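What the coordinates show
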Amino acid sequence: MERCICYGLMLLMMTVVAVRGNEFEYDDPLTFNHYHGSCPQLEKIIHNKLNHWLKNDSTLAPALMRLHFHDCSVRGCDASILLNHKGSERTAKASKSLRGYAVIDDIKAAVEKECPKKVSCADILTSVARDATVAAGGPFWMVPYGRKDGRVSLAKEAESVPMGHERMTDLIEFFQSKGLNVLDLVVLSGAHTIGRSTCGSLQDRLFNYKGTRKPDPSIDPKYLNFLRRKCRWASEYVNLDAVTPKAFDVQYYKNLQKKMGLHSTDQLLYSDSRTAPLVSAFASQAGVFKHQFAVSMVKLGNIQDYNSDEDGEIRLNCNYVNA
Ligand code: HEM
């Protein structure tokens, strides 16, 4: 096991250095001072508005982190997930349980009042994901800005976002296609240390795994019992981290070591030799997890689709492309 942790740490160090190196590339269109002149109060507006929403409903913090992941997973972080028309990404099956759209609309309205036509919905969503992480007890990071809002949003593209029943090779390849590596995959999956899932997305795993009419044998029997009682209805909710569902900690990884991952994609992180050493490393080093989470969230937020970049705009309303 010690060798595993060493391997994990080595990988961490290598990636941290690589990511830091990228921050200084000249062609990076995102910058920390993008709104310094045009909307200096942007982060304050976002922070205050978001905290107001979270006071009434703290479950919105994980929901908004997930919304950001789904946005960046299709055509880069371009707010394409927010477009609200027939056949858009948010109408996809994979987007069914996404929440938090009203929060972004409210913040966008407040930002438009102070800084009209200056701030993209994509930048707002990225900043909100950072603030939501901090509000949930996670790490802080600086958000680079300057994203454009996309004009294209197709449900069928959103169906490619992983739903919890993929094979590890599929997950690794999906992340790789976005410029994210195995380390990013393992650390960003750590977002499942908070938040919840609808039971619908794991009923097969509990009652009819791969058509066997039996549960997935890789679930701890006591945990399985608990889940089967809790998940009689697809519309019920269950916490992603059964032990400390509200704390942004490394319990998610410890759960995987005890066969208590909620989705099979969670549990696979510990049974696959490509990812297991990293799970062990994070399970025992909370500081390393939080640091690397911040680094990988910056990478996630920087995903851009350079093909659709030229058509980008600053949307006036996050639900619709400009007329
Ligand atoms: C590795 C690939 C991933 C898979 C397969 C996956 C899968 C899932 C599934 C199935 C759910 C529950 C959906 C439902 O309500 O039924 C979920 C929830 C969630 N995911 Fe992921 N996810 C992945 C990566 C990520 C990433 C990269 C993040 C953020 C950095 C993230 C953040 C979250 C959060 C915070 C929730 C809880 C949402 C809430 O409470 O409303 N996930 N994920």
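Going along each chain's sequence as written, the residues are numbered from 1 onward. Residue-level local features of this predicted model are given only where pLDDT is at least 70; pairs of side-chain atoms are given and counted only at 80 or more, and the full residue set underlies all totals for whole chains, interfaces and linings.

Defined as follows: UniProt positions are given in the numbering used here, feature names are shortened, and annotations may be inferred rather than shown by experiment.
Under an unreviewed UniProt entry, the name given to the protein chain is Peroxidase, and the source organism is Penstemon smallii. For the record of the protein chain, the UniProt heading Subcellular location (unreviewed entry) holds the text "Secreted". Word for word, the UniProt comment on the protein chain under Function (unreviewed entry) is "Removal of H(2)O(2), oxidation of toxic reductants, biosynthesis and degradation of lignin, suberization, auxin catabolism, response to environmental stresses such as wounding, pathogen attack and oxidative stress. These functions might be dependent on each isozyme/isoform in each plant tissue."

**Digging into the overall build of the protein chain**
Selection criterion: Here a helix means four or more residues in a row that DSSP labels H or I, a strand means two or more in a row labelled E, and each is numbered from the N terminus. Exposure classification rests on a simple neighbour count of other C-beta atoms within 10 Å of a residue's own: a residue reaching 20 or more is buried, one at 12 or fewer is exposed, and one in between is partly exposed. C-beta atoms are placed from the backbone. Here the contact rule is simple: place C-beta atoms from the backbone, and any two residues whose C-beta atoms are within 7 Å are in contact.
On a plain count of helices and strands, the protein chain comes out with 14 helices and 2 strands. Relative to its full complement of 323 residues, the protein chain shows a buried share of 41%. Across the protein chain, the fraction of contacts at a sequence separation of at least 24, relative to all contacts at a separation of at least 6, is 78%.

**Considering the UniProt feature "binding site: heme b" (unreviewed entry) in the protein chain**
Feature annotation in UniProt assigns "binding site: heme b" (unreviewed entry) to the following positions: His192. Secondary-structure assignment places His192 in the loop between α8 (182-189) and β1 (196-198). The class of His192 is buried, set by 25 C-beta atoms lying within 10 Å. Apart from the residues within four sequence positions on either side, His192 is in contact with Leu240, Asp241, Tyr252 and Asp266.

**Describing helix α5 (residues 121-135)**
This is how the line gets drawn: The span one expects for a helix is its residue count, reduced by one, times 1.5 Å.
If you check α5, its first and last C-alpha atoms are 20 Å apart, about what 15 residues at 1.5 Å a residue would give, namely 21 Å. Of all 15 residues in α5, 14 are buried, a share of seventy percent or more. One or two residues past the end of α5 sits Gly137, with phi positive at roughly 100°.

**Observations concerning the site of the ligand**
To keep it simple, the criterion reads: Near, for a residue, is defined by distance from a backbone-placed C-beta atom to a molecule or strand, with 6 Å as the limit that must not be exceeded. When residues are grouped by polarity, Ala, Val, Leu, Ile, Met, Phe, Trp, Tyr, Cys and Pro land in nonpolar, Asp, Glu, Lys and Arg in charged, and all others, Gly among them, in polar. Here the limits of each domain have been adopted from an automatic or database domain assignment.
Near the ligand lie 25 residues; those nearest to it are Ser97, Pro162, Gly164, Gly195 and Ser197. Of all the secondary structure elements, the ones that give two or more residues to the shell around the ligand are α3 (60-73), α8 and β1. The biggest single contributor to the shell around the ligand is α3, with 5 residues. Taken together, the residues that form the shell around the ligand break down as 11 nonpolar, 11 polar and 3 charged. A domain split of the shell around the ligand shows at least three residues from each of domain 1 (26-161 + 298-311) and domain 2 (168-296).

**Examining the UniProt feature "binding site: substrate" (unreviewed entry) in the protein chain**
Per the UniProt record, "binding site: substrate" (unreviewed entry) is annotated on Pro162. Positionally, Pro162 belongs in the loop between α6 (155-158) and α7 (168-177). A residue is classified by how many C-beta atoms lie within 10 Å of it, and Pro162, with 17 of them, is partly exposed. Beyond its immediate chain neighbours, meaning those up to four positions away, Pro162 contacts Leu171, Phe174 and Thr265.

**Describing the packing of α7 against α8**
Convention followed: Working convention: axes come from line fits to C-alpha atoms, limited for helices to the stretch in contact. Angles between N-to-C directions cover 0 to 180 degrees. Just so you know how the angles are binned, under 35 degrees is roughly parallel, over 145 roughly antiparallel, 65 to 115 roughly perpendicular, and the rest oblique.
Between α7 and α8, whose axes approach to 9 Å, the crossing angle comes to 105°. Classified by the interaxial angle, the pair formed by α7 and α8 is roughly perpendicular. Here Leu171, Ile172 and Phe175 of α7 come into contact with α8, specifically with Val182, Asp184 and Leu185. Residues that form the contact of α7 with α8 fall into these classes: 5 nonpolar, no polar and 1 charged.

**Observations concerning helix α4 (residues 101-114)**
This is how it is decided: An arc is given here, and it is the one of the directions from the helix axis to the C-beta atoms.
A rise of 1.5 Å per residue sets the reference length of α4, with its 14 residues, at 20 Å; its end C-alpha atoms lie 20 Å apart and thus fit the reference within 8%. Taken residue by residue, α4 has Val103, Ile104, Ile107, Lys108 and Val111 as its buried positions. One side of α4 holds all its buried residues, which, seen down the axis, span an arc of 130°. When the buried face of α4 is taken as reference, the exposed residues oriented beyond 90 degrees from it are Ala102, Ala109 and Lys113. Contact partners of the buried residues in α4: α2 (42-56), α3 and α5.

**Examining the packing of α2 against α4**
When two helices pack together, their arrangement is given by the angle between the helix axes and by the axis-to-axis distance. Put simply, the rule is: Whether a crossing is left-handed or right-handed is set by the direction in which the near helix is turned from the far one by less than a right angle, anticlockwise for left-handed and clockwise for right-handed.
Following both chains from N to C, one finds α2 and α4 inclined at 145°, their axes separated by 10 Å at the closest point. The crossing of α2 and α4 is right-handed. Along the contact surface, α2 presents Leu42, Ile45, Ile46, Lys49, Leu50 and Trp53, while α4 presents Val103, Asp106, Ile107, Ala110, Val111 and Glu114. Of the residues contributing to the contact of α2 with α4, the split by class is 9 nonpolar, no polar and 3 charged.

**Quick look at the environment of Ala242**
Relative to the assigned elements, Ala242 resides in the loop between β2 (237-239) and α11 (251-257). A tally of 19 C-beta atoms within 10 Å means that Ala242 is categorised as partly exposed. C-alpha separation for the pair Ala242 and Ile194, spaced 48 residues apart in sequence, amounts to 9.4 Å. Once residues within four sequence positions are removed from consideration, Ala242 is found in contact with Tyr223, Asn255 and Met260.

**Structural notes on unusual backbone geometry**
One non-glycine residue, Ala79, adopts positive backbone phi at about 60°. Note on placement: Ala79 falls in the loop between α3 and α4. The backbone of Lys117 sits at a positive phi, close to 60°, despite the residue not being glycine. Secondary-structure assignment places Lys117 in the loop between α4 and α5. On the neighbour-count criterion, Lys117 (11 C-beta atoms within 10 Å) is exposed.

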